[in-house]
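One-letter residues, chain by chain:
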Amino acid sequence: MAEDSDLEKTESATPRRLQKAREEGQIVRSRELSTFALLAAGFFGVWGMSGSIGEHLQSMLRAAFTFDHAGAFETRRMMIGAGVASREGFYALLPILGFTGAAALFAPMALGGWQLSAKGLEPKFNRLNPIAGLGKMFSINGPIQLGMSLAKTLVVGVIGGTAIWNRREEILALATQPLHLALANTVHLIAVCCGMTVAGMFVVAAMDVPYQLWQFHKKLRMTKEEVKREHRESEGDPHVKGRIRQQQRAIARRRMMTNVPKADVVVTNPTHFAVALQYTDGEMRAPKVVAKGVNLVAARIREIAAENNVPLLEAPPLARALYHNVELNREIPGPLYGAVAEVLAWVYQLRRFKTEGGDVPLAPTELDVPAELDKGGVSDDEAEQEAADTLNPAVNSDNDDASGASA
């Protein structure tokens, strides 16, 4: 049952699926909306431009029915007259053509907008399959389309028939009216009936548009597995991304370790934390952290420091404060200046002892570390997670070593 439910297209289309369908030329279209727009544009165009249209038609009819005895025997003059009549007829219909052309272009934008796609022009020979054609005819979409067509015919027919029936007396009275008055009333009755027909098409379009929207989104529905697969393709497989992050941290850790031999001192916890400090007089405003880590990383830092004769100082509060409050390749904060200065003073004394001899300098033990910077209660798991975040590619992008770590 679970597998069957996964195969059912119950999920709404994702934005990526909608965009892909649009690129393939699949957009919402309503023929009834376009038909209504064309009829409405033609009707209101004739209604609004009736004066200009009437003048052009009068000129055309006057030229066509004016008898010229001399012109009746000259082909050239007959052609000129036909050209004038055609021109007047074109001028009469030009506003209507403009209105209907604009409606044909802009009506589809009400639903799906314009979309130019060459894929819609590609030949698809599977459409020539008669079996597939029969399947479409007898599918559920066929009866629905037939019902829509019958509903359209019924609505338009009822509205148009009602309009004519309600004005049947006026129509019969046209035979008893003078010619000019009968023509004017005929035009008025035709306009009213056409307007009622346009109103009927509006009802049909109002019924068809929601159905087309529902049908379009139903066609693009996706299964739960398709949604998951698309999410993996767009966002990336979590397992692959985790593996990449793991490799990035390993590379960053190796590059960080290359800075340990250059450090002046390594401050330890002594087992959980290790922070390597470096200071070059005249080049740095303050000492900076060049490497840091917890547990296994801290042990490796201590090993490299011992191999390269870098002094190790056990100062748990200072080690924790440096680890939690200073990013890689960043200078130490002001509140730690005093404690780090004592450590560096001990390092310089230790160097002088190694070169000149004398009394062995005593390692500082009472270092002034603000309590708010000493996060001694952090668990090992939290420290490991923070170590991973420390080596995250998002930090220290302005430094070569750090940018190498962020690789």
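Residues numbered from 1 in each chain as written. Predicted model: local features only at pLDDT ≥ 70, side-chain atom pairs only at ≥ 80, totals over all residues. Heavy atoms only, no water.

Student: What's the story with helix α12 (residues 296-307) in this structure? I'm lost.
Tutor: Think of an α-helix as turning once every 3.6 residues; residues three or four places apart then point the same way. With 12 residues, α12 should cover 16 Å at 1.5 Å per step; its first-to-last C-alpha distance of 17 Å lies within 8% of that length. Val 297, Ala 298, Ile 301, Ile 304 and Ala 305 are the residues of α12 that are buried. Along the axis of α12, the buried positions cluster into a sector of 125°, meaning they face one direction only. Residues of α12 that are exposed and point over 90 degrees away from its buried face: Leu 296 and Glu 307. Two residues or fewer past α12, Asn 309 is found with a positive phi of approximately 60°. (Helix = DSSP H or I, 4+ residues; strand = E, 2+ residues; numbered from the N terminus. Expected span 1.5 Å × (residues − 1). Buried < 20%, exposed > 50% of the residue type's maximum accessible area, 1.4 Å probe, protein only. Arc of directions from axis to C-beta.)

Student: Explain the pattern of salt bridges here, please?
Tutor: Where charged atoms of side chains with opposite charge meet at close range, the side chains can pair. For the coordinates displayed, the defined rule picks out 3 salt bridges. The salt bridge partner of Asp 264 is Arg 351, with a shortest N-O separation of 2.7 Å. Pair noted here: Asp 264 is in the loop between α11 (238-257) and β1 (265-268) and Arg 351 is in helix α14 (residues 337-356), with a separation of 87 residues, a long-range link. With a shortest N-O distance of 3.4 Å, Arg 285 and Glu 331 are connected by a salt bridge. Note that Arg 285 is positioned in the loop between β2 (273-278) and β3 (288-294) and Glu 331 in the loop between α13 (316-325) and α14, a separation of 46 residues in sequence. (Salt bridge = Lys/Arg side-chain N within 4 Å of Asp/Glu carboxyl O.)

Student: What exactly am I supposed to notice about the nonpolar core here?
Tutor: The nonpolar side chains of a soluble globular protein tend to be buried with one another. Counting residues in each nonpolar core, the largest one holds 43 residues, and the members touching the most others are Leu 277, Ile 301, Leu 318, Leu 322, Leu 336 and Val 340. Elements with a minimum of two residues in this core: α11, β1, β2, β3, α12, α13 and α14. Of the residues forming this core, the biggest block, 7 residues, is contributed by α14. Apart from residues no more than four positions distant in its own chain, Ile 301 is found in contact with Met 256, Met 257, Val 260, Val 266, Ala 274, Ala 291, Lys 292 and Gly 293. Among the nonpolar cores identified, the runner-up in size contains 12 residues, and Phe 36, Ala 191, Val 204 and Ala 205 belong to it. (Core = buried A, V, L, I, M, F, W, Y, C linked by side-chain atoms within 4.5 Å. Contact = heavy atoms within 4.5 Å.)

Student: So what exactly am I meant to see when it comes to the packing of helix α3 (residues 31-48) against helix α9 (residues 179-219) here?
Tutor: Helix-helix packing is characterised by the crossing angle of the two axes and by the distance between the axes. Relative orientation of the contacting elements α3 and α9 amounts to 155°, with a least axis distance of 8 Å. When the axes of α3 and α9 are compared, the pair comes out roughly antiparallel. Considering the relative orientation of α3 and α9, their crossing is left-handed. Residues Arg 31, Glu 32, Leu 33, Thr 35, Phe 36, Leu 39, Ala 40, Phe 43 and Trp 47 of α3 pack against Ala 191, Cys 194, Gly 195, Val 198, Met 201, Phe 202, Val 204, Ala 205, Asp 208 and Val 209 of α9. Here the residues of the contact of α3 with α9 are counted per class, giving 14 nonpolar, 2 polar and 3 charged. (Axes fitted to C-alpha atoms, helices over the stretch in contact; angles between N-to-C directions. Parallel < 35°, antiparallel > 145°, perpendicular 65-115°, else oblique. Left-handed = near helix turned anticlockwise from the far one by under 90°. Nonpolar A, V, L, I, M, F, W, Y, C, P; charged D, E, K, R; others polar.)

Student: What am I meant to see in the pairing of β2 here?
Tutor: Each regular strand carries side chains that alternate between the two faces of the sheet. In terms of burial, β2 is largely enclosed, as 6 of its 6 residues are buried. Residues of β2 alternate between two faces, with Phe 273, Val 275 and Leu 277 on one and Ala 274, Ala 276 and Gln 278 on the opposite face, all of them buried. Sheet analysis places β1 next to β2, joined by 4 bridges and oriented antiparallel. Within β2, the position partnered with Val 267 by the bridge is Val 275. Between β1 and β2, which pair antiparallel one after the other, the connecting turn spans 4 residues. Bridge count for β2 against β3 is 6 bridges, and the pairing is antiparallel. By the bridge assignment for β3, Val 275 is matched with Lys 292. (Pairing = 2+ DSSP bridges.)

Student: How should the packing of aromatic side chains be read in this particular structure?
Tutor: For any two aromatic rings, the description comes down to two numbers: the centre-to-centre distance and the angle of the planes. Scanning the model with the defined rule gives 4 aromatic pairs in all. Between the aromatic rings of Phe 273 and Tyr 323, the centroid separation amounts to 5.1 Å while the plane-to-plane angle is 65°, which identifies the pairing as edge-to-face. Of this pair, Phe 273 sits in strand β2 while Tyr 323 sits in helix α13, and the two are 50 residues apart along the sequence. Among the residues examined, Phe 273 registers a relative accessible area of 6% and is labelled buried. In this structure, Arg 168 packs its charged tip against the face of Trp 165, placed 4.1 Å from the ring centre. (Phe/Tyr/Trp six-rings, centres within 6.5 Å; stacked < 30°, edge-to-face > 60°. Lys NZ or Arg CZ within 6 Å of the ring centre and 35° of its normal.)

Student: Honestly, α3 in this entry has me stumped. Any pointers?
Tutor: Taking 1.5 Å of rise per residue, the 18 residues of α3 would be expected to cover 26 Å, and the 25 Å separating its terminal C-alpha atoms lies within 8% of that figure. Within the span of α3, buried status applies to Glu 32, Leu 33, Phe 36, Ala 37, Ala 40, Ala 41, Gly 42, Phe 43 and Gly 45.

Student: Help me understand the sheet that holds strand β4 (residues 312-314), please; the structure alone is not making it clear to me.
Tutor: Across a sheet, paired strands are connected by hydrogen bonds in the backbone, their directions being either parallel or antiparallel. Strand order in the open sheet formed by 4 strands is β3-β2-β1-β4, with mixed pairing between adjacent strands. One side of each edge strand has no neighbouring strand; the edge strands of this open sheet are β3 and β4. Each strand axis lies, on average, 20° off the axis of its neighbour in the sheet, ignoring direction. Contacting β1, β2, β3 and β4, α12 runs over the sheet at an angle of about 125° to β3.

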